[in-house]
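Letter by letter, the chains look like this.
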Amino acid sequence: MKRWQILNAEPENYSGQAVDLLSTVGDVRLAQQDRVSLLTALADVDALIVRLAFQIDEQVLAAAPRLRAIVTATTGLDHIDLAAAERRGVKVLSLKGEVDFLRSIPATAELTWGLLLALTRNIPAAFSSVLQSEWQRDRFKGHDLAGRRLGILGLGRIGYMVARYGLAFGMRVLAYDPTPQLWVEGVERVSSPVELFRQADVLSIHVPLNPVTVRLVGKSELDQMPPGSFLINTSRGDILDEVALLDVLKSGQLAGAALDVLSNERSDSLASSPLIRYAQTHSNLILTPHIGGATYESMAATEIFMAKKLVDYLKSLETNG
Ligand code: NAD
């Protein structure tokens with residue numbers, strides 16, 4: 001039986017159980033790569049496992065002549081050139097569309113709620129102040145959530161969970177989704193994104209990135225938000241017009257924003273990001289480095305799930321030639 005060569009290029013804390021599964025069909029190499037070393041390492045690789053550190057583009061694919069599969073335990077696939085992969089006959093295995101399994105994975109919804117509380121209660125700024133040996137209660141007055149309006153843009157897997165947290169906190173929850181699979185009892189349906197933006201005291205974005213949703217949230221949407229409202233984005237950076245966001249933060253129209261994703265998060269220009277610069281001197285913008293899905297439990301579960309998918313795929317190649 002053929003032993004497939006499997007490279008995990010981002011193996012930190014990778015599930016041992018997933019390795020055991022993969023070892024039944026191939027030789028598994030766990031070796032953290034940078035982009036340059038990845039290009040060399042791929043020469044004899046049949047299956048590549050990644051998270052979000054690399055842009056898998058034409059150059060990477062060209063460096064992998066034997067590659068049959070790319071495995072990514074994500075639903076968003078904007079880090080992979082899908083057309084180029086298809087042209088080269090490389091199968092992309094992901095969590096996209098794995099609806100039943102994903103409903104058991106709460107990490108990004110929980111992070112969204114953490115950001116929401118951090119933002120509305122000034123938790124990061126208050127903690128920084130305490131680290132300076134200050135104890136200034138009145139500087140960090142926040143807002144109640146109960147009774148306020150939570151707007152959910154995209155009531156899919158994550159939006160659904162966040163909507164339920166909102167209801168549990170006594171919020172009035174509204175959502176816009178043109179094609180919802182499930183609706184949450186108690187959530188009000190609004191007829192357009194504009195209506196949602198107009199009504200939300202806190203707006204949370206949970207749509208997939210695609211040609212229709214690029215910059216879906218721009219100046220005209222943000223301008224509709226009530227003065228003193230808050231915005232959370234844990235979906236993808238390119239869904240939000242970041243220049244427009246900075247404008248409404250600077251003007252005071254928005255009280256604050258929390259982002260787990262940035263438009264240029266994988267680029268070399270990250271350090272010069274206007275959003276990071278703004279956050280260095282303003283406490284009303286909270287940024288986290290795409291940690292939504294990054295919990296031990298959720299990552300282990302997804303890694304094992306994806307390992308099974310890869311094993312099945314490689315076995316099917318053996319069978320079908
Ligand atoms: P999902 O596919 O389950 O749900 C997305 C929902 O958005 C669907 O119900 C769809 O009908 C709706 N939608 C599509 N276009 C819309 C539009 N124009 N306006 C309003 N709604 C629209 O996706 P999900 O698993 O809930 O993921 C949501 C987002 O979170 C995605 O962008 C995904 O990439 C991102 N994500 C981020 C992290 C992270 O670590 N921060 C982790 C997982 C997923």
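Conventions and cut-offs
Residues numbered from 1 in each chain as written. Predicted model: local features only at pLDDT ≥ 70, side-chain atom pairs only at ≥ 80, totals over all residues. Heavy atoms only, no water. Phe/Tyr/Trp six-rings, centres within 6.5 Å; stacked < 30°, edge-to-face > 60°. Helix = DSSP H or I, 4+ residues; strand = E, 2+ residues; numbered from the N terminus. Buried < 20%, exposed > 50% of the residue type's maximum accessible area, 1.4 Å probe, protein only. Lys NZ or Arg CZ within 6 Å of the ring centre and 35° of its normal. Near = heavy atom within 4 Å. Polar contact = N/O pair within 3.5 Å; in protein donor to acceptor, adjacent residues only side chain to side chain. Areas by Shrake-Rupley, 256 points an atom, 1.4 Å probe, with all protein chains shown as cover. Nonpolar A, V, L, I, M, F, W, Y, C, P; charged D, E, K, R; others polar. Salt bridge = Lys/Arg side-chain N within 4 Å of Asp/Glu carboxyl O. Axes fitted to C-alpha atoms, helices over the stretch in contact; angles between N-to-C directions. Parallel < 35°, antiparallel > 145°, perpendicular 65-115°, else oblique. Contact = heavy atoms within 4.5 Å.

Visitor: Go over the packing of aromatic side chains with me, naming the residues and quoting the values.
Guide: The final tally for this structure, using the stated rule, is 3 aromatic pairs. Taking the centre distance of 4.0 Å and the plane angle of 10° together, the rings of Phe 101 and Phe 305 count as stacked. Here Phe 101 is found in helix 5 (residues 99-102), whereas its partner Phe 305 is found in helix 13 (residues 296-320), with 204 residues between them in sequence. A relative accessible area of 16% places Phe 101 in the buried class. Residue placement shows Arg 103 over the ring face of Tyr 160; its charged tip is 5.6 Å from the ring centre. The aromatic ring of Trp 183 is capped on one face by Arg 189, whose charged end is 4.0 Å from the ring centroid.

Visitor: I'd love a proper account of the site of the ligand, names of residues and values included.
Guide: Around the ligand, 25 residues are found, and the nearest of them are Arg 157, Ile 158, Asp 177, Val 207 and Asp 260. Take Val 207: an N or O atom from its main chain is 2.7 Å from an oxygen atom of the ligand. Contact distances for the ligand include 3.3 Å between an oxygen atom and a side-chain N or O atom of Arg 236. When isolated, the ligand has an accessible area of 870 Å², and the protein chains bury 83% of it. For the shell around the ligand, a count of residues per class yields 8 nonpolar, 13 polar and 4 charged.

Visitor: An account of the pattern of salt bridges is requested, with residue identities and associated values reported.
Guide: Applying the stated criterion across every chain yields a total of 18 salt bridges. A salt bridge links Asp 27 to Arg 3; the shortest N-O distance between them is 3.4 Å. Of this pair, Asp 27 sits in strand 2 (residues 26-30) while Arg 3 sits in the segment before strand 1 (4-8), and the two are 24 residues apart along the sequence. Note that Glu 303 and Arg 51 form a salt bridge whose closest N and O atoms lie 2.7 Å from each other. Here the residue Glu 303 occupies a position in helix 13, and Arg 51 occupies one in the loop between strand 3 (47-50) and helix 3 (58-62), the gap between them amounting to 252 residues. If you follow the salt bridges from partner to partner, you end up with Asp 78, Arg 236, Glu 265 and Arg 266 in one network.

Visitor: Report on the packing of helix 1 (residues 16-23) against helix 13, specifying residues and quantitative values.
Guide: Helix packing for two helices is described by the angle between their axes and how far apart those axes are. Packing of helix 1 against helix 13 brings their axes to within 8 Å, and their N-to-C directions diverge by 5°. In terms of their interaxial angle, helix 1 and helix 13 are classed as roughly parallel. On helix 13, the residues touching Gln 17, Ala 18, Leu 21 and Leu 22 of helix 1 are Glu 303, Ile 304, Ala 307, Lys 308, Leu 310 and Val 311. Looking at the contact of helix 1 with helix 13, its residues break down into 7 nonpolar, 1 polar and 2 charged.

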